[in-house]
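Close look at the chain arrangement
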Amino acid sequence: MVTTENKNFNAKLVLLGDVGAGKSSLVLRFVKGQFVEFQE
């Protein structure tokens, strides 16, 4: 018999980069599934 346990992992991710590099857009794509090409 094979049992599968559901495990939740918490992690923190720090994104570093120049202004206007697209860090916020990458986070929105991952979290909400939307991508904003030009965001202020």
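Preceding block: the structure.
Quick caveat, the model's predicted, so the values are computed rather than measured. (Residues numbered from 1 in each chain as written. Predicted model: local features only at pLDDT ≥ 70, side-chain atom pairs only at ≥ 80, totals over all residues. Heavy atoms only, no water.)

In this section: the overall build of the protein chain. For the protein chain, the helix and strand inventory stands at one helix and zero strands. Within the protein chain, buried positions represent 2% of all 40 residues. Carbon and sulfur atoms provide 54% of the accessible area of the protein chain, an area that totals close to 4600 Å². (Helix = DSSP H or I, 4+ residues; strand = E, 2+ residues; numbered from the N terminus. Buried < 20%, exposed > 50% of the residue type's maximum accessible area, 1.4 Å probe, protein only. Areas by Shrake-Rupley, 256 points an atom, 1.4 Å probe, with all protein chains shown as cover.)

The next subject is a nonpolar patch on the surface. A contiguous nonpolar patch, built from Leu-13, Leu-15, Leu-26, Val-27, Phe-30 and Val-31 and spanning about 670 Å² of accessible area, is present on the exposed surface. Residue placement: Leu-13 occurs in the segment before helix 1 (23-32). Accessibility expressed as a relative area gives 72% for Leu-13, which makes it exposed. (Patch = residues over 30% accessible without salt bridge, like charges linked within 9 Å, V, L, I, M, F, W, Y side chains within 5 Å. Salt bridge = Lys/Arg side-chain N within 4 Å of Asp/Glu carboxyl O.)

One can find Phe-35 in the segment after helix 1. When the C-alpha positions of Phe-35 and Ser-24 are compared, they lie 9.4 Å apart, and in sequence the two are eleven residues distant. Leaving out residues up to four positions away in the same chain, Phe-35 has contacts with Ser-25 and Arg-29. (Contact = heavy atoms within 4.5 Å.)

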